[in-house]
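Notes for the structure review
Below are the chains, spelled out letter by letter.
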Amino acid sequence: LKILFTCSVEMLMPIFIITVIIDRPGNLVTFTAQDDGDTYYLSKMLAPKHLGLKIGVNIILLTNLSDDLVNGKMGIVHGIEGNLLHIMFKVNGKE
């Protein structure tokens with residue numbers, strides 16, 4: 001079973017890249033977080049202010065987005081279209 005998750009970049013700022021992507025083939029697409037709130041707590045966030053992605057890189061969620069897309073779930077970036085990201089996640093060990 002595959003879940004193809006498509007969302008805006010703003011929604012995916014709470015992810016952390018676990019693959020070194022500079023050496024990977026393809027174009028690096030960089031996004032900047034649009035955070036608001038108390039600056040004290042914003043300075044303590046784990047998510048980076050700038051997020052660089054390439055097609056094929058691994059990511060891990062840092063927050064729960066649904067019952068299946070939970071903190072710690074790994075996925076692979078399958079597409080970048082403007083402000084939309086297509087990320088494939090395995091569910092129940094199946095693709």
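Let's shift gears to the overall build of the protein chain. Per the secondary structure count, the protein chain includes one helix and seven strands. N-terminal to C-terminal, the α/β element order of the protein chain is β-β-β-α-β-β-β-β. Looking at the protein chain as a whole, 29% of its 95 residues are labelled buried. Restricting the contact set of the protein chain to residue pairs at least 6 apart, pairs at least 24 apart contribute 56%.

As a general feature of sheets, a regular strand has side chains that alternate between the two faces. Strand direction decides the pairing type here: strand S5 (residues 58-61) and strand S6 (residues 74-81), joined by three bridges, are antiparallel. Along S6, the bridge assignment pairs Ile-60 with Met-74. Both S6 and strand S7 (residues 84-90) contribute to a ladder of six bridges, which runs antiparallel. By the bridge assignment for S7, Gly-75 is matched with Phe-89.

Averaged over every residue, the pLDDT of the protein chain is 76; residues scoring 70 or more account for 71%. For residues 13-19, every residue scores under 50 in pLDDT, and the model assigns this stretch 28 contacts once sequence neighbours within four places are set aside.

Let us now look at the side chain of Lys-54. By secondary structure assignment, the location of Lys-54 is in the loop between strand S4 (50-53) and S5. Polar side-chain contacts of Lys-54 include one of 3.4 Å to the backbone oxygen of Gly-26.

What counts, and at which threshold
- Residues numbered from 1 in each chain as written.
- Predicted model: local features only at pLDDT ≥ 70, side-chain atom pairs only at ≥ 80, totals over all residues.
- Heavy atoms only, no water.
- Helix = DSSP H or I, 4+ residues; strand = E, 2+ residues; numbered from the N terminus.
- Buried < 20%, exposed > 50% of the residue type's maximum accessible area, 1.4 Å probe, protein only.
- Contact = heavy atoms within 4.5 Å.
- Pairing = 2+ DSSP bridges.
- pLDDT = per-residue confidence, 0-100.
- Polar contact = N/O pair within 3.5 Å; in protein donor to acceptor, adjacent residues only side chain to side chain.

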